[in-house]
Every structure is written in C-alpha cells, then in structure tokens.
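A look at the structure
Here is how the chains run, residue by residue.
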Amino acid sequence: MRILTTCIYCGCGCGLYLESESGKIVGSYPSRNHPVSKGALCVKGWNAYEFINSPDRLTVPLVKSSDNFKESGWNEALNLVSEKLLQIKEEYGPDSLAFLSSAKTTNEENFLMMKLARAVFKTNNIDHCARLCHASTVVGLAATFGSGAMTNSINEFEKADLFLVTGSDTTEQHPLIGSRIINAVVDRGAELIVVDPRRIELTKYANIFMQQDNGTDVAWINGMMNVIIKERLYDQKYVEERTENFAELKEMVKDYPPEKVEKITKIPKNLLIQAARLYAQTKKAMILYSMGITQHTTGTDNVKSLANLAMLTGHVGLPSTGVNPLRGQNNVQGACDLGALPNVFSGYQKVGDKAVRDKFERAWKVESLPADPGLTVTEIFKKAKEGKIKGLYIMGENPALSDPDLTQVRKALEKLEFLVIQDIFMSETAEYADVVLPAASFAEKDGTFTNTERRVQRIRKAIEPKGKSKPDWQILSEIGKRCGYSGIEYQDPSQIMDEIASLTPIYGGISYERLEPFGLQWPCPAKEHPGTPYLHKDKFAKGKGSFIPCPYVAPDELPDEEYNFALSTGRVYWHWHTGTMSRRTSLLDREVPGAYVEMHPADAEQLKIKEGEKVEVSSRRGEIELAVKLTKKVKEGSLFIPFHVREAAANVLTNPAIDPIAKIPEYKICAAKVEKI
Amino acid sequence: MKNEYLPHPARIESIQRESFDTQTFKVIFVDEKLAKSFNYKPGQFMEISLLGMGEAPISITSSPSRKGCLEFTIRAMGKLTRAINQLKRGNVLYLRGPYGNSFSLEEVKGKDLYFIAGGIGLPPLRSVINTVFDKRENFGKVKILYGAKTPDELCFKEELKVWQKFPNTELLLTVDTQDKDWKGNVGVVTTLWEKTAMDGNQAIACVCGPPIMIRFVVQKLLESQFKEKNIHISLERYMKCGLGKCGHCNIGGKFVCIDGPVFTYSQIKELPAKEHVL
Amino acid sequence: MKKLHNSHPPPYPLPSREGKIGEGVFVIPCTVKKDRVKDLLITASEEWDAFVPWKGPEEDVQFVKLPDEKRKNFLDRLSLEDGAPLIPPKTVIFPQLESLFEFEEGKIKEMIPSPTKKLLFGLRACDVKAILFVDDFFKRNFEDIYYLNRTMNKLLVLVGCKTPPRDCFCTSTKTGPFLPVPRSLGEVGKEGFDLQLVDIGKKYLVEVGSEKGKEFIGNYQDFFEEASKKDVELSKAMKKKAEEAVTLKIDFEKAIKNFCEDKISQIIYEKIAERCIYCGGCLYICPTCTCFNIFDGKKGDRGKRSRNWDACVFEGYTREASGHNPRAEKWLRTSRRYEHKLKYNYLTTGMSGCVGCGRCLATCPVNLGMSKLIQEVTK
Ligand SMILES: Cc1cc2nc3c(=O)[nH]c(=O)nc-3n(C[C@H](O)[C@H](O)[C@H](O)COP(=O)(O)OP(=O)(O)OC[C@H]3O[C@@H](n4cnc5c(N)ncnc54)[C@H](O)[C@@H]3O)c2cc1C
Ligand code: SF4
Ligand code: SF4
Ligand code: FES
C-alpha cells in the first residue's frame, strides 16, 4: 500500500509516499509529479520511514509518581491532566498556565492547541518554536510588507537570474531548494551572491562571496543600499508608486558608505559595491535567508533591512523575486498561520482587536477571550523559573535541548508545578514531565502541513497509531471536553479545517477536497480562489510597502579576552533539530554519529589541537565536551556546533539575549572559549 | 535453504583480559549438536552480536585443531564491542558463520612460516599459529614478529611464552612506547628486521594489523625476497552481512567477506589502488 | 591495459542480446484483447498476488498490489501505456525495509516472508533485465533466503514501452524496449520475462519467454486467442516504432570498454562528486542496486533486527569503528558507484549494472545521472 503524504523534516515540504506492508511502514520515496519534490528527495526524506517503527516510540500514557513513570490508562491520564490544569487556573489565574504548540504537528492540531489555550483556559500564553527561528521574520516582514511569509514560490527558483543567499546554508537545510540554486547556476548561468560568515557549500558556486563578521548584517545591507542609492540604481518608479518612507531610509543609509561597512563587517568594499550593482541591476533577483539572519538580537532589524533592500530595487511582487525566508520546520509556517502565537489568532488576526475576538467568541460559543498578548517561549521559561508559570503543556517540542541557555530552561522545568508532555518519543524534556501522553506519528494520522512557500498540503494516515498512541488532535479535543467545553469535538481533521477556513481569511477557500492532490498556496480567500504563488502583486498586503530604516547595532555578546571565539550553532544535513527522529534512523545516525565543533585549522594549530581531538567548549553559561572537526568552512576566530546531540547539547552555551521585538534568542553568536582536555 | 542471517546463542565460558580495552572470550554454542558439529578454518571470522546492539565481524582466534570452545579476542572500539567487553562469564552472545576464506595450510607444508602482526592483528593469526604448532613437524622454521603500542596492549601474554619454547621457532616482540618493566625492542614492527634473518625464498608470510603497518611490512617482505603470492594478508573492511550481499566490504570486484579476508599480495595488487586497500 | 581482475573476463561488447527483435519465435504467439486484461488480472489474482503499474490520483505511477476488494475500480487506474514508473518494482522484491527477525528474552523468531505466488504484470523491459540481474545476485555465493522466498514463485509479464520516457536509453544498453524471444524455453526465461506483450492496437500480442509463461497461458486460455500473421507483422512494426521512440542514444559499449580499461579520469568523478548533494536517490531508485544496512532496535529485552536500503555514496558506508575510512573522499564514492555498475558488475557477471532506465537522472535533484556520465566519458 502506498499513500501520498508530506515529508516531516524541513520546510521544503516534499511530497513523499509512505509504503506500508501488513500495517507497518516499510519505505518512503518521492512523488514525481509533486511540485516541490519532482521525483527527488533529500536523504532524510528517503529515510523518513524508519523512526516510525522505532521500538522507543511512546505507546502508553505515563504518569509520574514519586520520581518514577508508571504506565496508565488514557482515561486516568486525561482526567489527571484536565483536573490539574483547571485547578491551577482556579488557584493562580489563567495566565499561570502556558501552552507550547509545535511546528511538527499539523495545522489542525496547532489550531486546536490555541483554541484550547484561549477558549478553555482563557490565556494567550501560547507559543511554539517559531519564536526560536523565524519570529523576527513574522514581525519584520509584517511591518514592511504586511505579511510575514515567504513572498515567492519554490519553483520560481528555477527561473530566477540571481540569488542573494544570506544566513542560509541552503544545501544542508533546504536541500531541494539548494539543488535548484545549484542547477540554476551551473546549467543556466544564474548569478549567485552568498553572504555568510561560514564558507558554506553554496559558496563553491557563488560569483560573489562576502564573508561578513557574524552579527553585522544590518551594516552590509545598509551598505548595499548606500551604493544603490548613490549610484541611482534603485527602481525610482517602484519606490514612488508602491512604497512609503523612502526619504528616511535614504537619510539613514548615507551613514553606511562601503568604507565604513568594511570596517564593521570585514567585507571588502569593492565586493560590496559589485554585489550591490549586480543585485540592483538583475530583474529576476531573489533574496533567500534563514536563521543566520533571524537568530540575532537584531533579527527583526536584519529582516526589515532585507525587505528595504528588495523594495528599493523593485524586487517584490513579481515572479522569481522577493524576500524569501526559508522556514525551518516542516510546519512552522502552519503553526504561525494557525495562531500558535501569543498575540494573534489564526491568520495573524490580533488578539487585541475587539472585532476579531467577537468573531471567535461567537464561533466558539465562549465569552471573554483574553485580549492582552501572552508570553513568548523565552518569557514562559523565565516566568516558570520565577515560579509565576505553574502549569505547562508542551506538544511535540523538546525545549530541554533546543532552547538557549539550557541550564536555565532545565531549572525552569523543574520548578513547574505541573508539566504535560505530548510527544512520539521520550524526549529530554519529557523526563521532567508529570504526565506524558503518547502521540501518533505523521504516518498515523490525517491533517495538513504548510510548507515554506505557504503551500497547505495534506498528510495522510498510512497505518494505525502505534500501541495506544493517539493523534494529537484527538488528545487535545479530549482534554477540552474533560474541562467542560463541548465546542472542541470533531469526527476527523477535515472538520477542523472547515472551522479554520471559516475563521481565517487567508485559509478561507481551503478544504480537504480542494487540497487534492498537491495542496494550495495561501492566501486563498475563497472557494474558487486558485491560491497565490507570489505575494504583493501590484500592491503590498498592507497597501504601500514601508521602508523602515535600521541602524547597525552590535551583537549582545562579542568575543573578548577570555571567551575569544565567536560561536554559532545550527543544523547539519543529516540531522533534524534535537535528533529525536533522525538519530533513530540508522543511516542518518551513522553519518554523523556524535557531537563536534567546527574550527579553523589555523586556530587549531595555535591551540595545538588535532583533528578529532576532544575539547571543552565553554561560554559564560556552561560547558560541553566534544570532538574537533577542522574545516575552513568557519572563519578564523569562529566556531560552529550542530545542536542535535544530547550528549553535548550546544544550547548549554548559547546566549538567551533576545531581540526586543520578536523575542528571538541570539543563537547565531555568543562568546566562547576552547580548552584541550 | 539456510537462513544465513540467523545467529545462534553461545555461552561465555571464560574471559581473559588481554589489555585495558581487549579481552578474550571463550564461548560454546548453547545448542550441543551445533557445538559438536561446528567446523571452521584458521583465518575465518564470525558475525558476533548482542540482540538489540548490532553485529560485528570478529576473527576466530582459537584453532580448529583444538576442539571444544571457540575463542574471540575483542577490542572495545564502538557501541557493540564496548558492550561485549562488559559481559560476564555465563552471559550469552549470538554467533553466525564462519565466514570468509582462510590461510590455507595444506599448500604450505614444509615451508618456513613468518607471522607478522600488529596490535589486534594477532588474534586471527593465533588461530593459524596454533594449528601449525599442533602439527609442528609439517612445517619448517616459524618466526613470529609481533608489535603493539605499549607492553600492556600485547595480547596472549602467557601464550607468547609457550610459543617461544617450540622448536625451530622464534618470537620477536616490540612496542612503540615502553614502560618501566619493558626490556625488549622499542619501535615499529619493521624494526625487528634488524633482529633476525628474514629469508623469503622458501617462505610464506602471514600479515595482519592496521593498514599502515601492513604497507610497511609488505615493503620489507619484498625486500627480503618474499614472493608476492607468498605474502598472505588479512584485510579489514566495514562489514554488515559477511555473505557478499550487503556491499559494504566491496573492493573493486571483490568482497572482502567472501573472497577474503585473506588475500595474497599479488591479489591485492590487482585491486584498484584508489580503494586504499593498504 | 591493466590485467583484468577476474579470471574469465567477458569480451566486449556486451553480449546481452544477439537475436534480432521479432525473430526466433518459438511458440506460436497468441493475443489478448486489451479490454480483457482487467478480467484476466482479476481472475489470475485468485491464485496470484498480482502487482501492476498503477497510477494514483496524483498521476504518479508505481507497482502496487491488487487489493482484495474492489479490484475492478482499482484497475481503472491500471497504467500500461505510460513509461516505466519512477519507483522500480524492486520495492516488491526487495523492500526498502525488511525485518530479519524479532527477539524477546533472548529467543529469536525468524521473519522470513512466505513464498507467495507473485504475478508482476506490466513490467518494462529494463525492469525485467534488472530483476534477472538481482535474482542472480541474491543466488550467487550464499543464498539470501529473504529475497529468494519473496521471489521464488514469481511470473514476470513484460509490456513493452510504446512511448518511452525521455530519460531512458535502453536501446543503447540493449535492454529494451522489447526483449528478444528465446529460441528454446528453459524453466526460467533466458531473457528474464515469462511473457512479453506487444501493443498492437486493440489487443496485445503475447510472446512466450519460458515454460512458466506457457503454462500461465494454458491456465487462463479463455483470455487468449491465436494470433494471426497480421498480428505478428503488426507487432514487428510496433517494436520498431518503439525502438525509434527512444531518442536518447549513448555509446554504452564504448563506455564499458573505457571503464574496464580504467580510462576514466579522476576529474570527471570530482566534478560529479562536487555537485552531488548526497541524497542517495540515484542508488535507492536504481533497479539493480542491492546494498543494504543491517541494524537492531530494542526496548528492554524485546526488539528486532532489520535491514534497509543503503548506498555507497555515503561517507559512513565504509567508515570503520576506528574512524579509518578507505573511501573518505567524495570522488572515491562517486567512482565506486559508477565503476561498480559499468566495470565490476560486467566483469564478474557479463551483465552491466545499468539497464538504461534513466531513473537516476530523473530522481537526481542536481541533474546528475548515468546517461550524462556516459556522454562525458565517451566524448
Ligand atoms: C574480517 C574481520 C575480522 C575482525 N576481527 C576482529 C577481532 O578479532 N577482534 C576485534 O577486536 N576486532 C576485529 N575486527 C574489527 C571489528 O569488527 C570492529 O572493531 C567492530 O566491527 C566495531 O564494531 P562496533 O559495533 O563496536 O562499532 P561501531 O562503531 O558501533 O560500528 C557499527 C558497525 O559498523 C561495522 N564496522 C565498524 N567498524 C568495522 C570494522 N573495522 N570492520 C568491520 N565492520 C566494522 C560493524 O558492522 C559494526 O557493528 C574485525 C574486522 C573484520 C572485517
Ligand atoms: S544506473 Fe541509472 S539508468 Fe542505469 S539502471 Fe541504474 S537507475 Fe537505471
Ligand atoms: S541522486 Fe544525484 S544528488 Fe542524489 S546521491 Fe545520486 S548523484 Fe548525488
Ligand atoms: S560484509 Fe556484506 S558484502 Fe561483505
């Protein structure tokens, strides 16, 4: 038996088939006609079948009693969860509860999670890991364009003439977008500008490679705009007709002549000028970025600056152009779209807006939905540590490995009065839980994911849930019911989608029938609407695009005498986030079996460190031990650590300093030191 | 048709520590019939596993001329081998095999035999050496050249003393780094060439050890007039099935698991050089 | 030229196919009407597990087992007209993931598949050749009981491509679009197929490749009619037309020769290796690739040992526990992939490991593939 579904790993959202034999998944392979995969998959997709069968899958609810987990029945576990949550709400108020939704679960489940938080528990304390990856995108692009999503589509990469790739190791993180860039450059002679502190794979194909100092993005982007304005290379007509606030931008970027930018960023001024000219003068020019831009204390500024650059040159609202944030998780786009955020309902409708609240209150048959924005992930853990958050419900996330400054996060988890974890595996976080609820995997349920290009597409049930596990949407609905709310009962996820469509204008025209076979790209406001491959055609979502000038501000923590390296963290091709799935896939685990830190050979020589040697890397927050991998991918004075491995969790080191607006932590730079052991 | 992937339980009868990370396990099949009928040749290996921990190819170090238990000398290198080294007497291992070709002793009757081993390379040769000693009269001179990183890492310390006493037999040991008690040679195996006459004219050499050692040893052997076809080398390659199926051990058109692990130098020379055979 | 590595090197060029198309028909062929094919399959599926190329609602074609119910509806999506499906029928005979045995408290329970009768209906010529190749591989040296049990009772029905997809080059590898009919019938067809169907308009001409094939016709004779002279003539014309429709031509023989004589420069491999993004797709999808990994999983004292598809382009494929890796460099793995197929397979078996299906190119995210390499090395 084969069934078409959507890959569980990255935001590309490849269409893959799951093959099952006697109720067991025995393979996964690409769809030839799917618009993203087109017959191909990356290594993770080709191996997406294995972890589903892992014997470590959670199969029964677990309840902790005196430091040990005991297996329990569903009824008992669910009753306990609802009673406890209600009790905390009664005793300490709704905002003593918080909910973490998940970019790995479906749109429907994210919607239910926020419904549960808002309608049943009356709190806006709901967030998810987008906070840690693209919160600055959502905020930054909403402010400038009016919509915080990737402007264009994956297949438009096949027609673009120039790519400006920054802060995205595209071939590693979004392989099927990376491959499109390689093909465009090699087979069609498209131009490629890479701006990255690391010598990533794509630099092999780049016409221009600018290796900036980590954390200086606003400066080089302003520098490019300085050149473009000075040389009058910008699109004057476009700027006049479609944008506002140009004068202010012009004034501000005057301060960033290439000479000065060179001093801040270490990008040679000639290179910057060349890049600026090339980008401005190429019609079909796409900007792509990812966590290298967003995960900074200046993340929102970085995003806004890229948006400024694109608007200045008229590169928004046309095919094969745009500002294209590559979303990391398979459904991080969807989790944001469906309102698993503290300040908005689904479709980015503000909780502060009375009319919106009225609409949801009517539809959900509840009263007094909370109006003040709730807490973000980072704030939730801070408040938990202070004892202000008492109960936390986490679905499909693993903050005990993924969040910055882990030591603090783990302390916060310990402090909680009640912690519920709903997951497919016993994660590092689950060990702190009072109740662990076993969830069905993506192969065992129906639903939809929304990929990075806003394509809402189906996942389909191929086999029965393993053991006694249940789909997340059923669990959430059960909890809602037990808390006395009947407006949360559904026969199947398509009914949830119908509710979503009725309440969410950008998903307004979406239904399961219409999603056959390969989905629709939002905005899709009406039943007849064909979906939208690229945004801001003729007009920005907010009307006129706004230039928001951002001056350069240095990162929160820079290398100093003691902590003399600039440490960055990220992913590798073979693994996925905290490795709960990829490390249970024999082939992927074999390829990158352990933790390592990338270091420039020149630095290693100075420290007398050899390839493969074990070292201790430490920051002001903690230390880990791992092996050294010598590579010129990193600059001298820089380090890079993949964060997948529990044995040496990189996030023990990272800096929890956050972007003031988007509250995204600065994963991409902190000061660290290396010592031999 | 036999299920070649099916392993059979074998009980650990005794454990002998060889060095800080290496132990020799004496095991016997739980199934008595199998224990009786089981046959193998020196140089062959078996796939050893712990259920749930994986499998690894390990040479049989006991010799077929001594019936009874099978012996394996296992160094803790990775997940499985580390787990095996935690086991106690009475625990059960799972075995399938034997696999691979062997050092053929029929063809070399009457000839001089040179065994040259480095580190964990001695265990497979020990099987041949003991088979030879059990029919000592069939062979000419026997010389054993054995090197390890440190004195601690020399395997079969007691048995080495026994070997030394056999007639017409020479045992030369060396270590890379000595400790305070070490009185023997210091240096890589090839430094032993200065300590004894190596005459390859009528002789057969059996070599096993890390690739870099093999490379230097072969060089020396050729200089000492050993014929290419008389130099037998046991190769190591990543293995999974041991059956010529999984493909991992493939070099050129050969499978190390079924065409080897023992190859003559002339065969090795025909394998593609870029595969870094040696 | 360096001495070849096996004792009896087959001579170039590839001997896989001597007879001319349409010649040497041993049994008088018969025909089956197209509108009776569904019924034939439904009837045959009483006795056989029937696998057919099936086009799902997404228009993707793949070999799928005929379900137990609603067969007629299901067969509305039978796809005999399209080219070879992207995913080869290898998934039927050698699944991506297969359990070897389960264990509990030290007790082992083998999980050997039962030797069910399998009718693979609608195979393309390249896939028949590939199955022949894989059969031979799993029988050689040690017999692989898992594979052999799955496949020992199979019947291969080839339906030749009418309009081959653009990536294939089977006329260059001499593996299609039709296979020559053997002059005598062995138990297993020498060419691999048991029956070969040629589209001649409203019906298929059926050619017999083995005793098993003949027997099948006998068992379901109601569905078959004797072929007229005209049918046979028509089939010859159809075969020729199909052959002409394969437009991608490469010099396969020269490629094999260059490979066997080690004339491929490292630079070519390096170029490919540099572009490759290590998805493994080209090997997973190759109908003749058989490499696998074996791994264990357990919880407490219960678990299982399984095997799944592996591929030689991966760095960990040869990395030993000590960290030593004889194929650490990327280009070495690339060269392994191509040399295995075009040199070593050929030298050890006389069959090349490439059957010209073009799938590797079709699945490669960065547009690399066998045909491209061959064009490069035969320039
Ligand atoms: C013919 C042959 C004979 C051997 N004889 C001995 C011996 O007598 N004593 C001994 O201590 N070691 C021997 N080895 C080496 C031993 O097989 C490896 O050390 C062992 O496989 C490491 O497995 P692991 O599971 O502990 O390591 P991991 O790193 O966890 O390896 C995982 C898997 O990779 C494969 N693998 C890794 N390294 C090797 C390797 N070097 N060779 C083959 N497969 C590997 C195995 O399938 C292993 O289970 C021999 C190897 C070969 C090929
Ligand atoms: S190498 Fe490519 S073209 Fe040849 S058989 Fe394999 S997949 Fe088909
Ligand atoms: S399909 Fe292409 S990218 Fe993938 S492994 Fe093969 S050559 Fe490399
Ligand atoms: S170990 Fe599997 S083929 Fe040699």
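Conventions we followed
Residues numbered from 1 in each chain as written. Chains lettered and ligands numbered in written order. Predicted model: local features only at pLDDT ≥ 70, side-chain atom pairs only at ≥ 80, totals over all residues. Heavy atoms only, no water. Helix = DSSP H or I, 4+ residues; strand = E, 2+ residues; numbered from the N terminus. Rg over C-alpha atoms; globule rule 2.2 N^0.38 Å. Buried < 20%, exposed > 50% of the residue type's maximum accessible area, 1.4 Å probe, protein only. Contact = heavy atoms within 4.5 Å. Areas by Shrake-Rupley, 256 points an atom, 1.4 Å probe, with all protein chains shown as cover. Lys, Arg positive; Asp, Glu negative; His and termini not counted. Charge placed at Lys NZ, Arg CZ, Asp CG, Glu CD. Axes fitted to C-alpha atoms, helices over the stretch in contact; angles between N-to-C directions. Parallel < 35°, antiparallel > 145°, perpendicular 65-115°, else oblique. Left-handed = near helix turned anticlockwise from the far one by under 90°. Nonpolar A, V, L, I, M, F, W, Y, C, P; charged D, E, K, R; others polar. Near = heavy atom within 4 Å. Domains from an automatic or database assignment. Buried area = accessible area lost by both parts, 1.4 Å probe. Salt bridge = Lys/Arg side-chain N within 4 Å of Asp/Glu carboxyl O. Polar contact = N/O pair within 3.5 Å; in protein donor to acceptor, adjacent residues only side chain to side chain. Phe/Tyr/Trp six-rings, centres within 6.5 Å; stacked < 30°, edge-to-face > 60°. Lys NZ or Arg CZ within 6 Å of the ring centre and 35° of its normal. Pairing = 2+ DSSP bridges.

Quick notes on the overall build of chain A
- Across its full length, chain A carries 23 helices and 30 strands.
- Against the 2.2 N^0.38 benchmark of 26 Å for 677 residues, chain A shows a C-alpha radius of gyration of 24 Å, consistent with a compact globule.
- When its C-alpha atoms are laid out on the principal axes, chain A stretches across 70 × 65 × 50 Å.
- Relative to its full complement of 677 residues, chain A shows a buried share of 69%.
- If you take every contact in chain A between residues at least 6 apart in sequence, the share linking residues at least 24 apart comes to 74%.
- Carbon and sulfur atoms make up 49% of the accessible area of chain A, which totals about 21700 Å².

Looking at the overall build of chain C
- Assigned secondary structure in chain C consists of 14 helices and 12 strands.
- The globule rule puts the C-alpha radius of gyration for 379 residues at 21 Å, and the 22 Å found for chain C is close to it.
- Classification of the 379 residues of chain C by burial places 63% in the buried group.
- Here the analysis covers contacts within chain C between residues at least 6 apart in sequence; of these, 74% occur between residues at least 24 apart.
- Counting only carbon and sulfur atoms, one obtains 52% of the accessible surface of chain C, whose full area is about 14900 Å².
- Distance from the positive charge centre (63 side chains) to the negative charge centre (54 side chains) of chain C: 3 Å.

A closer look at the packing of helix 5 (residues 135–144) of chain A against helix 14 (residues 299–312) of chain A
All names here are of chain A.
- With their axes 8 Å apart at the nearest point, helix 5 and helix 14 run at an angle of 40° to one another. If you check the angle between helix 5 and helix 14, you find them oblique. Note on packing geometry: the crossing formed by helix 5 with helix 14 is right-handed. Contact residues: helix 5 offers Ser136, Thr137, Val139, Gly140, Leu141, Ala143 and Thr144, while helix 14 offers Gly299, Thr300, Val303, Lys304, Ala307, Asn308 and Met311.
- Per-class residue counts for the contact of helix 5 with helix 14 are 6 nonpolar, 7 polar and 1 charged.

Quick notes on the packing of helix 8 (residues 217–230) of chain A against helix 10 (residues 246–253) of chain A
Residue and element names in this part refer to chain A.
- Relative to each other, helix 8 and helix 10 sit at 105°, their axes nearing to 9 Å. When the interaxial angle is binned, helix 8 and helix 10 end up roughly perpendicular. Along its contact with helix 8, which presents Asn222, Met225, Asn226 and Ile229, the element helix 10 presents Phe246, Leu249, Lys250, Met252 and Val253.
- Among the residues making up the contact of helix 8 with helix 10, the classes are represented as 6 nonpolar, 2 polar and 1 charged.

Side note on the site of ligand 3
- All residues in the neighbourhood of ligand 3 are listed as Cys276, Ile277, Tyr278, Cys279, Gly280, Gly281, Cys282, Cys364, Val366 and Leu368 of chain C.
- Counted by class, the shell around ligand 3 contains 8 nonpolar, 2 polar and no charged residues.

Here we look at the domain arrangement of chain C
Residues and elements named next belong to chain C.
- The domain architecture assigned to chain C consists of domain 1 (13–245) and domain 2 (252–377).
- One C-alpha centre belongs to domain 1, the other to domain 2, and the line joining them spans 26 Å.
- If you look at the interface, domain 1 gives 44 residues, while domain 2 gives 43 residues.
- Carbon and sulfur atoms make up 64% of the surface buried where domain 1 meets domain 2, a total of about 3700 Å² over both sides.
- Counting across the domain 1 and domain 2 interface gives 4 salt bridges.
- Where domain 1 packs against domain 2, one counts 20 residue pairs in polar contact (both at pLDDT 80 or more).
- Counting only elements with at least two residues in the side of domain 1 that touches domain 2, the list comes to helix 3 (90–93), strand 4 (97–104), helix 4 (125–139), helix 5 (145–151) and helix 6 (170–173).
- Considering each element in turn, the side of domain 1 that touches domain 2 owes the most residues, 9 residues, to helix 4.

Observations concerning the site of ligand 2
- Taken together, the neighbourhood of ligand 2 is formed by Phe169, Cys286, Pro287, Lys341, Cys354, Val355, Gly356, Cys357, Gly358, Cys360 and Met370 of chain C.
- Broken down by class, the residue content of the shell around ligand 2 amounts to 8 nonpolar, 2 polar and 1 charged.

Considerations on the packing of aromatic side chains
- Here the structure, examined in full by the defined rule, presents 36 aromatic pairs over all chains.
- Ring centres 5.3 Å apart and planes at 75° place the aromatic pair Phe137 of chain C and Phe138 of chain C in the edge-to-face group.
- An aromatic cluster is defined as three or more aromatic residues linked by ring pairs; in this entry it consists of Trp46 of chain A, Tyr5 of chain B together with Phe94, Phe137, Phe138, Tyr146, Tyr147, Tyr284, Phe292, Trp309 and Phe314 of chain C.
- The ring of Tyr204 of chain C has Lys34 of chain C sitting right over it, with the charged end atom 5.4 Å from the ring centre.
- Cation over ring: Lys90 of chain C sits above Trp309 of chain C, and NZ or CZ is 4.5 Å from the ring centre.

Regarding the domain arrangement of chain A
Residue and element names in this part refer to chain A.
- Here chain A is described as being made up of domain 1 (2–53), domain 2 (62–132 + 330–501), domain 3 (151–326) and domain 4 (565–676).
- A C-alpha centroid distance of 30 Å is found between domain 2 and domain 4.
- Listed per partner, the contact involves 20 residues of domain 2 and 21 residues of domain 4.
- Summed over both partners, the interface of domain 2 with domain 4 buries about 1800 Å², with 58% contributed by carbon and sulfur atoms.
- Applying the counting rule to domain 2 against domain 4 returns 1 salt bridge.
- The partner of Glu379 in a salt bridge is Lys663, and the shortest N-O contact between them spans 3.1 Å.
- At the junction of domain 2 with domain 4, the criterion picks out 2 residue pairs in polar contact (both at pLDDT 80 or more).
- At 3 residues, helix 19 (residues 406–415) tops the list of elements feeding residues into the side of domain 2 that touches domain 4.
- For the side of domain 2 that touches domain 4, the residue count by class is 6 nonpolar, 6 polar and 8 charged.

Here's the deal with the sheet that holds strand 10 (residues 224–226) of chain C
Residue and element names in this part refer to chain C.
- The 8 strands are arranged 3-2-6-7-8-9-1-10 in an open sheet whose pairing can be described as mixed. The open sheet has two free edges, formed respectively by strand 3 (61–65) and strand 10, since each of these has just one partner strand. The average angle at which neighbouring strand axes cross in this sheet is 30°, direction not considered.
- Pairing analysis gives 5 bridges linking strand 6 (residues 118–123) to strand 7 (residues 154–159), with the strands arranged parallel. Bridge pairing in strand 7 places Phe121 opposite Val157.
- Helix-sheet contacts for helix 1 (residues 34–44) involve strand 1 (30–33), strand 2 (49–55), strand 6, strand 8 (195–199), strand 9 (203–208) and strand 10, and the interaxial angle to strand 1 is about 95°.

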